[in-house]
Amino acid sequence: MQWVRVLGTGSSVPEKVLTNFDLEHMVDTSDEWITTRTGIKERRIAAPSETTSKLALEAAWRALEAAQVAPEEIDCIIVGTVTPDMLFPSTACLLQHALGAKRAFAFDLEAGCTGFVYALAVAEKYLLAEGRGKALVVGAETLSKIVDWQDRATCVLFGDGAGAAVVGLGDRPGILATYLGADGGGAHLLELPAGCSRMPASFETVEKRLHYIKMNGNEVFKFAVRIVEEASLEVLRKAQKTVDDVKLFIPHQANIRIIQSAAKRLGIPEEKVFVNVEKYGNTSSASIPIALDEASRSGRIREGDIVLLVGFGAGLTWGAALIQW
Ligand code: UT7
């Protein structure tokens, strides 16, 4: 039997740190509010010249190095992102060229903050169907460029970064199961309204600040707590494993309260939950692969451990992957 295994991971975040105290000078907020409501203390902000593809490139090189795989060996590149360099061409194509991954086909995948989990599941199914090959799966964002820096309800939440994983076929267990879902009925809860076919860019859309993230935080919060539990239980059921088999739980890093509530509902003890939201805020599709890379490099995941990844976000979308390391 063949499995798709994670061969190496990498991540990259911009140098510039924006703290809660910095935000106190920008909008009507406080470190106390942000810390208690979200768990976030600081986030990274891309420089004007720092694009999503640049962050993706650094993360990808690190993942390739860790996997000891050359760019020419990659067959497929998928970039999960809601902040591509441009609407087209895809950020994945820019990455493919920058890496010199000449053999790879490449495309972006837009599934909100679930982008990386969706991309991982698609790459796994593709490699299994082909019966050969390697894929580069990336989650990369520069959300600071689509955040409304006058809106305190959203600007304190998001940050920039990228994470990547090289995956390939092996004869030992790797990705044990994946589970994906979507509900477009909740599309209006988290959106960027203007700039495409529904509302093309105009002076009016710019004036009304419609090129920025709009979110109904309370509704997304309730959805998130419910869906993290549901998606986790479903992927465990598919893999015929239980919560007790999970060595490390890596949920999307949006809000510490979502993470703690979901872990409590699932009965996962604190020491098995990976949290780095305090350092980076919500980096959308980059949050899970950055966390996975930090967990793996810091020795929190060892050979044979079972890791549970769970994402949720705009769409609405959700997804989980159960991986044996
Ligand atoms: O990646 C997936 C997408 N995102 C998420 O997962 C986010 C999900 N939602 C959340 O994390 C939370 O709903 C938020 C952190 C966004 C908000 O927390 P909350 O506890 O749901 O607060 P709230 O929206 O109910 O707001 C409470 C109060 C309001 O004031 P009033 O109406 O009670 O007077 C807000 O105006 O807090 C106020 N508020 C702020 N105060 C200081 C909102 N933002 C801020 C702020 N600083 N930055």
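Provided above is the structure to which this section pertains.
Calculation rules
- Residues numbered from 1 in each chain as written.
- Predicted model: local features only at pLDDT ≥ 70, side-chain atom pairs only at ≥ 80, totals over all residues.
- Heavy atoms only, no water.
- Helix = DSSP H or I, 4+ residues; strand = E, 2+ residues; numbered from the N terminus.
- Buried < 20%, exposed > 50% of the residue type's maximum accessible area, 1.4 Å probe, protein only.
- Lys, Arg positive; Asp, Glu negative; His and termini not counted.
- Salt bridge = Lys/Arg side-chain N within 4 Å of Asp/Glu carboxyl O.
- Polar contact = N/O pair within 3.5 Å; in protein donor to acceptor, adjacent residues only side chain to side chain.
- Contact = heavy atoms within 4.5 Å.
- Near = heavy atom within 4 Å.
- Areas by Shrake-Rupley, 256 points an atom, 1.4 Å probe, with all protein chains shown as cover.
- Nonpolar A, V, L, I, M, F, W, Y, C, P; charged D, E, K, R; others polar.
- Domains from an automatic or database assignment.
- Phe/Tyr/Trp six-rings, centres within 6.5 Å; stacked < 30°, edge-to-face > 60°.
- Pairing = 2+ DSSP bridges.
- Axes fitted to C-alpha atoms, helices over the stretch in contact; angles between N-to-C directions.

Undergrad: Give me the lowdown on the side chain of arginine 44, citing residues and values where you can.
TA: Mapped onto the fold, arginine 44 is located in strand β3 (residues 42-45). No salt bridge is formed by the buried arginine 44; the nearest opposite charge belongs to glutamate 42, separated by 4.8 Å. Polar contacts involving the side chain of arginine 44 include one to the main-chain carbonyl oxygen of proline 14, which spans 2.8 Å. If sequence neighbours within four positions are ignored, arginine 44 has contacts with Val13, Pro14, Glu15, Lys16, Val17, Gly159, Asp160 and Tyr280.

Undergrad: Give a description of the site of the ligand that names residues and reports values.
TA: Lining the immediate surroundings of the ligand are 23 residues, of which Thr29, Arg152, Asn218, Asn255 and Asn282 lie closest. Separating a nitrogen atom of the ligand from a side-chain N or O atom of threonine 29 is a distance of 2.7 Å. The contact in question runs from an oxygen atom of the ligand to an N or O atom on the side chain of asparagine 218, over 2.6 Å. Its free accessible area being 960 Å², the ligand has 73% of it covered by the protein chains. Counting only elements with at least two residues in the shell around the ligand, the list comes to α2 (31-38), α6 (152-155), α8 (217-239) and α9 (256-266). Looking at the shell around the ligand, the element that brings in the most residues is α8, giving 4 residues. Classifying every residue of the shell around the ligand by side-chain character gives 12 nonpolar, 7 polar and 4 charged. Both domains that meet at the shell around the ligand, namely domain 1 (3-172) and domain 2 (177-324), each give it at least three residues.

Undergrad: So what's going on with the packing of aromatic side chains? Residues and values would help.
TA: Applying the stated criterion to the full structure yields 3 aromatic pairs. For the pair phenylalanine 105 and phenylalanine 107, a centre-to-centre distance of 6.3 Å together with 5 degrees between the ring planes defines the contact as stacked. What makes phenylalanine 107 partly exposed here is its relative accessible area of 29%. Between phenylalanine 105 and tyrosine 126, the aromatic rings sit 5.1 Å apart at their centres with planes inclined by 75 degrees, giving edge-to-face as the arrangement. Of this pair, phenylalanine 105 sits in strand β5 (residues 105-109) while tyrosine 126 is found in helix α5 (residues 115-130), placing the two residues 21 residues apart along the sequence. Site record: aromatic cluster; members linked through ring pairs are Phe105, Phe107 and Tyr126.

Undergrad: An account of the sheet that holds strand β4 (residues 76-80) is requested, with residue identities and associated values reported.
TA: For sheets, the rule is that strands pair by backbone hydrogen bonds, running either parallel or antiparallel. The strand order β1-β7-β6-β4-β5 describes an open sheet built from 5 strands, whose pairing is mixed. Each edge of the open sheet carries a strand with a single partner, namely β1 (3-12) and β5. The sheet shows a mean angle of 20 degrees between the axes of neighbouring strands, direction not considered. Two elements, β4 and strand β6 (residues 134-142), share 5 bridges in a ladder whose sense is parallel. Bridge assignment links glycine 80 to a residue of β6, and that residue is glycine 139. In this fold helix α3 (residues 52-67) packs onto β1, β6 and β7 (160-170), with an angle of close to 125 degrees to the strand it touches most, β1. Strands β4, β5 and β6 of the sheet are contacted by helix α4 (residues 91-99), whose axis makes an angle of about 130 degrees with β4.

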